[in-house]
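# Chain and residue survey
These are the residues of each chain, in order.
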Amino acid sequence: QVQLVESGGGLVQAGGSLRLSCATSGRTFSMYAMGWFRQAPGKERNFVATITRGGGPTYYADSVKGRFTISRDNAKNTVYLQMNSLKPEDTAVYYCAARSSSGNLRIADEYPYWGQGTQVTVSS
């Protein structure tokens, strides 16, 4: 079993930045590909970014490409999401997720382990 705990969310003005962290415990962190997803009120959970076990390659949703950066520190068992140039439409609850299987890393249903989420609110 893998436990994930997100932090770093908050309220920020448009154009600002936030850095989300997801700390993990349990089994070996380096065994897992990690993903970030987000869910706005009344909407489905959508893919944001993912990073493979070794730290690369990385993949991004078109809506965040060039603004967000996913990274991981296997020594600290932590994955990060650096979010720059934030927009009001980035407002959502952000979740990190872990998976050990291969496949399409953009599909939320293929991740068995999830954190509780952290709220990101971007004001205009």
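You'll find the structure just up there.
Below is a summary of the structure that appears in this document.

What counts and how
Counting starts from 1 at the beginning of each chain's written sequence and moves along it residue by residue. Given that this is a predicted model, residues contribute local features only at a pLDDT of at least 70 and side-chain atom pairs are listed and counted only at 80 or more, while totals for whole chains, interfaces and linings are drawn from all residues. Processing note: side-chain calculations cover all non-hydrogen atoms of the structure and skip hydrogens and water entirely. In the sections that follow, a salt bridge refers to a side-chain nitrogen of Lys or Arg positioned within 4 Å of a carboxyl oxygen of Asp or Glu. To qualify as a helix, a DSSP run of H or I must reach at least 4 residues; to qualify as a strand, a run of E must reach at least 2; elements of each kind are numbered from the N terminus. Burial classes follow relative accessibility: with a 1.4 Å probe on protein chains only, a residue under 20% of its type's maximum area counts as buried, one over 50% as exposed, and anything between as partly exposed. To form a nonpolar core, buried Ala, Val, Leu, Ile, Met, Phe, Trp, Tyr and Cys residues must be joined to one another through side-chain atoms within 4.5 Å. Contact between two residues is taken to exist if any of their heavy atoms lie within 4.5 Å; hydrogens are not considered. Classification of ring pairs rests on two measures: the distance between centres of Phe, Tyr or Trp rings, Trp counted by its six-membered ring, which must be within 6.5 Å, and the angle between planes, read as stacked under 30 degrees, edge-to-face over 60 and tilted in between. Charge-over-ring contacts are defined here by two conditions on Lys NZ or Arg CZ: a distance within 6 Å of the ring centre and an angle within 35 degrees of the ring normal. Cysteine sulfur atoms are paired as a disulfide whenever they fall within 2.5 Å.

We now examine the pattern of salt bridges. Counted under the stated rule, the structure contains four salt bridges. A salt bridge links Glu110 to Arg99, with the shortest nitrogen-to-oxygen separation between them at 2.9 Å. Residue Glu110 is located in the loop between strand 9 (92–99) and strand 10 (113–114), and its partner Arg99 is located in strand 9; the two are separated by eleven residues in the primary sequence. Relative accessible area serves as the criterion here: at 0%, Arg99 is assigned to the buried category. Linked by salt bridges that have partners in common, Arg38, Arg67 and Asp90 make up one network.

So, about the nonpolar core. Formed by 36 residues in total, the largest nonpolar core has its most connected members in Met34, Trp36, Leu81, Met83 and Tyr94. Elements supplying a minimum of two residues to this core: strand 1 (2–7), strand 3 (18–26), strand 4 (33–39), strand 5 (46–51), strand 7 (68–73), strand 8 (78–83), strand 9 and strand 11 (118–123). Those residues within four positions of Leu81 in sequence are excluded, and the remaining contacts are Leu18, Arg19, Leu20, Trp36, Val48, Ala49, Phe68, Thr69, Ile70 and Tyr94.

Looking now at the packing of aromatic side chains. To describe a pair of aromatic rings, you give the distance between the ring centres and the angle between the ring planes. Applying the stated criterion across every chain, the model contains six aromatic pairs. Summarising the aromatic geometry, the rings of Tyr95 and Trp114 are spaced 6.4 Å apart at their centres and angled 80 degrees between planes, so their arrangement reads as edge-to-face. A residue pair is termed long-range when its members are at least 10 positions apart, and Tyr95 in strand 9 and Trp114 in strand 10 qualify at 19 residues. Assessed through its relative accessible area of 13%, Tyr95 is described here as buried. Taken together, the aromatic side chains of Phe37, Phe47, Tyr95, Tyr111 and Trp114 make up a single cluster linked through ring pairs. Sitting over the ring of Tyr95, Arg45 keeps its end group 3.8 Å from the ring centre. Sitting above the plane of the Trp114 ring, Arg45 keeps its charged end 4.7 Å from the centroid.

Under the counting rule described, the total for this entry stands at one disulfide. Covalently, Cys22 is tied to Cys96 through a disulfide, its sulfur atoms 1.9 Å apart. Residues Cys22 and Cys96 are joined through a disulfide that is right-handed, its torsion about the S-S bond being 45 degrees. Of the two residues, Cys22 is situated in strand 3 and Cys96 in strand 9; the sequence distance between them amounts to 74 residues. The same class applies to Cys22 and to Cys96, which are both buried.

From the geometry alone we can't say anything about function, so treat these as descriptive.
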